[in-house]
Amino acid sequence: MDKISTILVPFDFSEISVQALKYAVGFIGMDRDIKIVLAHIAFDGTKEPPEADFKNIKESYVPKFRGSIEWFKGVGSLTGSILQVQSEQAIDLVIMGTSGAHDNKEIVISNTAKLALEIDNCPVLVIPKDFEEFSIKKIALVLGKDRIDDKSTLQTLLRIASRFNAKVDVLTIQNEDGIYGYSKTDESNENLLEYYLENFYSHHAFIEDPDILHGIVDYAERNTIDMVAILPKNHAHSSAPSEGLLTKELTMRSTVPTLVID
């Protein structure tokens, strides 16, 4: 991602979609060069909201940012429609809300979590339902034991960090016995991080925790992290939950926004 110029926000007038829009407005601020595309996807037979409802939403945010708001109205599946507008509008970033998961014994995968993994070549930023104050000062990049194969994924993180002058902590959860941080893969990843993240790179923390998800959430809370970023394909199947499961769980359990870079 060379530049963030178009942000897609799935919008159905629910509390979580309004929360995502508020975050997008905070993200844009006074930047005139970024527009928001609100995507309202109706299922077959669902009554489409009046045009006045869309107009009221747009006007309520006019004083708070300088960008523009456009509408996309589709009918059908959420995933299919979002993928369509992503392609047609050249979307650079998707910001969407989630109601999260509250049953610790059994996880019901949300549409947001599924969509975060199904969208290709476009980062997805998931906003928790109860998240209130916009701030991006500290980002935690969750890194697994695999090599970072696609260097361009770090460009997305760099664009966001540089936009807000945010520091990036790199976090690896040690969930099994072994020596972390000294392999050739670790060395390769470290060199890439230092090169691509430039002066925004803070440090690499290795935290022992048998539960990877708990380790991430706990680190974020203890270190006042504003955003957690994850590279799904960097997490090995042998030493962690599958790349899909870990990402889905994180988007639903994290108390701070989660950036999925795929």
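What comes next concerns the included structure. Remember, it's a predicted structure, so these values are computed and weren't measured experimentally.

**Here we look at the environment of leucine 193**
For step 1, the next point in the chain: Residue position: leucine 193 is located in helix H6 (residues 184-196).
For step 2, the next point in the chain: When the C-alpha atoms of leucine 193 and valine 168 are compared, they prove to be 9.8 Å apart, with 25 residues separating the residues in sequence.
For step 3, the next point in the chain: Beyond its immediate sequence surroundings of up to four residues, leucine 193 is in contact with Leu141, Leu143, Ile148, Leu154, Val170, Glu198 and Tyr201.

**A closer look at the packing of helix H3 (residues 78-89) against helix H4 (residues 111-118)**
For step 1, the next point in the chain: At a minimum axis separation of 10 Å, H3 and H4 run at an interaxial angle of 40°. Relative to H4, the element H3 lies oblique. Here the hand of the crossing between H3 and H4 comes out right-handed. Two secondary-structure elements touch here, H3 through Leu78, Thr79, Ile82 and Leu83 and H4 through Asn111, Leu115 and Glu118.
For step 2, the next point in the chain: Looking at the contact of H3 with H4 residue by residue, the classes come out as four nonpolar, two polar and one charged.

**As for the packing of helix H5 (residues 153-164) against H6**
For step 1, the next point in the chain: Closest axis-to-axis distance for the H5/H6 pair is 10 Å, and the angle between their directions is 40°. Regarding the angle of H5 to H6, the classification is oblique. For the pair H5 and H6, the sense of crossing is right-handed. Residues Leu154, Gln155 and Leu158 of H5 touch H6, and the partners they reach there are Leu192, Leu193 and Tyr196.
For step 2, the next point in the chain: In terms of residue class, the contact of H5 with H6 is made up of five nonpolar, one polar and no charged.

**Here we look at helix H7 (residues 212-222)**
For step 1, the next point in the chain: For H7, the set of buried residues is Ile212, Leu213, Gly215, Ile216, Val217, Tyr219 and Ala220.
For step 2, the next point in the chain: One side-chain oxygen of the residue at the start of H7 lies 3.1 Å from the amide nitrogen of leucine 213, identifying that residue as aspartate 211.

**Some words on unusual backbone geometry**
For step 1, the next point in the chain: For phenylalanine 13, which is not a glycine, the phi torsion comes out positive at approximately 70°.
For step 2, the next point in the chain: Inspection of the secondary structure puts phenylalanine 13 in the loop between strand E1 (6-10) and helix H1 (15-28).
For step 3, the next point in the chain: Residue class for phenylalanine 13 comes out partly exposed when judged on its relative accessible area of 30%.
For step 4, the next point in the chain: The backbone of alanine 90 sits at a positive phi, close to 55°, despite the residue not being glycine.
For step 5, the next point in the chain: Along the chain, alanine 90 falls in the loop between H3 and strand E4 (93-98).

Rules used throughout
Residues numbered from 1 in each chain as written. Predicted model: local features only at pLDDT ≥ 70, side-chain atom pairs only at ≥ 80, totals over all residues. Heavy atoms only, no water. Helix = DSSP H or I, 4+ residues; strand = E, 2+ residues; numbered from the N terminus. Contact = heavy atoms within 4.5 Å. Axes fitted to C-alpha atoms, helices over the stretch in contact; angles between N-to-C directions. Parallel < 35°, antiparallel > 145°, perpendicular 65-115°, else oblique. Left-handed = near helix turned anticlockwise from the far one by under 90°. Nonpolar A, V, L, I, M, F, W, Y, C, P; charged D, E, K, R; others polar. Buried < 20%, exposed > 50% of the residue type's maximum accessible area, 1.4 Å probe, protein only. Polar contact = N/O pair within 3.5 Å; in protein donor to acceptor, adjacent residues only side chain to side chain.

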